[in-house]
Amino acid sequence: MDSLHLDDNTRLLVLTGAGVSAESGIRTFRGADGLWEDQPVEKVATPEGFAADPRLVWRFYSERRAAAGACEPNAGHRALAEWERRLGERFLLATQNIDGLHQRAGSQRVVELHGSLFRTRCAHCTRKPFEDRTVYPVGHLERCDECRGLLRPDIVWFGEMLEEENLRQVRDFLLRGDTRLVFLAVGTSGAVWPAAGFVDGARGVGGRTWLVNADPADNTDRFHHFVQGRSGEVLPRLAVFD
Ligand code: APR
């Protein structure tokens, strides 16, 4: 297996997807037994779906909140946290995952591109999103203390924009000219934008690009290196610190 050489002149941007959490027992979205096989995205992961049936949406996310809360980080998460300890501010982790396992493994420089299962916000007012680990009973709807509007998961749904501040953090890291950029995508099908385009942003600034994935992704051909395998097995052996 090729080694990912990381020295004092290298900065590393990592993008993770559901495949990194799969080995912790959390379902992925696409492919065999994917979440979207038995839950129509339109009904549970769009603003329209929430407006039409907020109880169904809360049931879907409460189940995922309970499932993720019962899982533990795996060796892939721990390897990424170790790389951050070695690289410091020359490391940034942008994750599409909402399960919080990176933080539980010790990662701190994390950009949660798609929000968090364990944060809730008001669907109607600008009240600040707040940490919420409650697994609501089926059929329960929680209302905002300030405006009495419905509360919703603080998750980016299909058709919604990602937080500009998060995208700015990734863009600034890509464009820093002080070190050599390496971009690594792990456990993601490359099916959802803008994350699927990060590899092109990295190539645009001369970065070397790596994909670690159990299967070829939609954008495999955009990467200089493709290591096919499970992230929990590959990541602990991939990096060499020169
Ligand atoms: N190790 C590495 N890769 C794996 C593993 C594993 N153990 N298990 C699965 N994979 C790969 C699959 O081959 C697949 O390509 O992880 C990828 C998961 O792809 P998706 O299920 O599409 O998940 P993801 O890419 O994270 O989806 C992006 O889409 O549904 C939305 O908002 C949701 O954040 C999600 C976004």
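Residues numbered from 1 in each chain as written. Predicted model: local features only at pLDDT ≥ 70, side-chain atom pairs only at ≥ 80, totals over all residues. Heavy atoms only, no water.

**Remarks on unusual backbone geometry**
Next, step 1: Note the cis peptide between Trp193 and Pro194, where omega equals 5°.
Next, step 2: Mapped onto the elements, Pro194 comes out in the loop between strand E8 (180–186) and helix H9 (198–204).
Next, step 3: For Asp33, which is not a glycine, the phi torsion comes out positive at approximately 60°.
Next, step 4: With a phi angle near 70°, Arg148 is a residue other than glycine that sits in the positive phi range.
Next, step 5: For Arg148, the location among the structural elements is in the loop between strand E6 (130–131) and strand E7 (151–155). (Helix = DSSP H or I, 4+ residues; strand = E, 2+ residues; numbered from the N terminus.)

**Here we look at the site of the ligand**
Next, step 1: Taken together, 22 residues sit near the ligand, with Phe29, Arg30, Thr188, Ser189 and Asp215 positioned nearest.
Next, step 2: In the environment of the ligand, an oxygen atom lies 2.8 Å from a nitrogen or oxygen atom belonging to the side chain of Trp36.
Next, step 3: At a separation of 3.3 Å, an oxygen atom of the ligand approaches a polar backbone atom of Gly187.
Next, step 4: Burial of the ligand by the surrounding chains reaches 91%, relative to a free accessible area of 730 Å². (Near = heavy atom within 4 Å. Polar contact = N/O pair within 3.5 Å; in protein donor to acceptor, adjacent residues only side chain to side chain. Areas by Shrake-Rupley, 256 points an atom, 1.4 Å probe, with all protein chains shown as cover.)

**Side note on the pairing of strand E10 (residues 225–228)**
Next, step 1: Alternating residues of E10 divide into His225 and Val227, all buried, and Phe226 and Gln228, none buried.
Next, step 2: For strand E9 (residues 208–213) and E10, the ladder comprises four bridges, and the chain directions are parallel. Along E10, the bridge assignment pairs Leu211 with Phe226. (Buried < 20%, exposed > 50% of the residue type's maximum accessible area, 1.4 Å probe, protein only. Pairing = 2+ DSSP bridges.)

**Here we look at the packing of aromatic side chains**
Next, step 1: Tallying each qualifying case throughout the model produces eight aromatic pairs.
Next, step 2: Between the aromatic rings of Trp36 and Phe158, the centroid separation amounts to 6.0 Å while the plane-to-plane angle is 65°, which identifies the pairing as edge-to-face. Placement of Trp36 in helix H2 (residues 35–38) and of Phe158 in the loop between E7 and helix H8 (164–175) is noted, with a sequence separation of 122 residues between them.
Next, step 3: Given a relative accessible area of 36%, Phe158 falls into the partly exposed group.
Next, step 4: Among the aromatic side chains, those forming a connected cluster through ring pairs are Phe29, Trp36, Phe50, Phe60, Tyr61, Trp157 and Phe158.
Next, step 5: One cation-aromatic arrangement involves Arg133 over Phe118; the distance from NZ or CZ to the ring centre is 3.9 Å. (Phe/Tyr/Trp six-rings, centres within 6.5 Å; stacked < 30°, edge-to-face > 60°. Lys NZ or Arg CZ within 6 Å of the ring centre and 35° of its normal.)

Just distances and angles here, no functional claims.
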